[in-house]
Amino acid sequence: NWVDFSTVADRNREYDEIAEDLCPVDWSEESQARTGKVLLARMGQSKESAARFAQVVSGGQHRYQDGLFYGGTSETVARRNLAAILQGRLGHAEHVAIIDFHSGLGECGKGELIAASLLGTSDFTRARSWFGASINPIGTQGADFAKISGDWLTAVPQLLPHATVTAIAVEFGTVSTLEVLQALRADNWLHNHGDRNGLLAEEIRAQMTSAFYVDEDRWREMIVRQSLLVCRQALAGLADRPAFLQVQADDH
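### Some remarks on the overall build of the chain
In step 1: A tally of regular secondary structure across the chain gives nine helices and four strands.
In step 2: Traced from its N-terminal end to its C-terminal end, the chain shows the element sequence α-α-α-α-β-β-α-β-α-β-α-α-α.
In step 3: On C-alpha atoms alone, the chain measures out to a radius of gyration of 20 Å, which is about the 18 Å that the 2.2 N^0.38 rule sets for 252 residues.
In step 4: The C-alpha extent of the chain, read off along each of the three principal axes, is 60 × 50 × 40 Å.
In step 5: Per-residue burial over the chain gives 40% buried out of 252 residues.
In step 6: Once local pairs closer than 6 in sequence are excluded, the contacts in the chain between residues at least 24 apart make up 71%.
In step 7: Total accessible area computed for the chain in this model is approximately 14,500 Å², and 53% of it derives from carbon and sulfur atoms.
In step 8: Looking at the chain, you have 23 positive and 33 negative side-chain charges, and the mean spots of the two groups are 5 Å apart.

Okay, here's the thing in structure tokens:
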């Protein structure tokens, strides 16, 4: 939703070709099988075609209000509220660090670091010095995440022009991409067409939880350790100290 709506155009026309199959009105087993077959064919067998499919689905679109990753046609209340909070509370800050936590993409338990800046910029160089060489800039070819438009992290420097902003996202892997996609499709159907108080609603909510949260101690431990590390690296970067702090074995 963080776009300039006076100039934004629909830049995701390929979404048109899969919109009905991605978010069908009917969620019967037959419909799921039929539309799923179409989507799998579109996804293809190569890594390149799968990456392109992910880009089309999750890159953001502004035409289908009932579709996935809809960016809207005007600023949301949430966007205005967050902008007010950032400007109100950080109006005098000289240096700002942001860590945005996500889950649902990549290898189970692994946290992929994504810089909200482009390769070759001073912002990216600083982010890499804080968080290490494994961090990737937005839009990295071959990465698990798509190049999205309208994200709030890349908008923060415009909201805080007086500050040096170092913003990253951490994407923790959970289950397979297909399982996550199926959960998103089911949740979309429930929200737009289903009975939110019915038995199927409970099943879909559980499906969504499982797609973004692995209920295992090992997964939780991996997420906590990596989260502690990036938080400490951000604090070290803000304090202008060597950023590569290690999480000790006894830190829980």
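### Quick look at the packing of helix 7 (residues 177–192) against helix 8 (residues 199–212)
In step 1: As a packed pair, helix 7 and helix 8 sit with axes 9 Å apart at the nearest point and diverge in direction by 145°. Along this stretch, helix 7 crosses helix 8, giving a crossing that reads as left-handed. Only Leu200, Ala201, Ile204, Gln207, Met208, Ala211 and Phe212 of helix 8 make contact with helix 7, whose side of the interface consists of Val180, Gln182, Ala183, Leu184, Ala186, Asp187, Trp189 and Leu190.
In step 2: Along the lines of polarity and charge, the residues of the contact of helix 7 with helix 8 split into twelve nonpolar, two polar and one charged.

Each value, and the rule that gives it
Residues numbered from 1 in each chain as written. Predicted model: local features only at pLDDT ≥ 70, side-chain atom pairs only at ≥ 80, totals over all residues. Heavy atoms only, no water. Helix = DSSP H or I, 4+ residues; strand = E, 2+ residues; numbered from the N terminus. Rg over C-alpha atoms; globule rule 2.2 N^0.38 Å. Buried < 20%, exposed > 50% of the residue type's maximum accessible area, 1.4 Å probe, protein only. Contact = heavy atoms within 4.5 Å. Areas by Shrake-Rupley, 256 points an atom, 1.4 Å probe, with all protein chains shown as cover. Lys, Arg positive; Asp, Glu negative; His and termini not counted. Charge placed at Lys NZ, Arg CZ, Asp CG, Glu CD. Axes fitted to C-alpha atoms, helices over the stretch in contact; angles between N-to-C directions. Left-handed = near helix turned anticlockwise from the far one by under 90°. Nonpolar A, V, L, I, M, F, W, Y, C, P; charged D, E, K, R; others polar.

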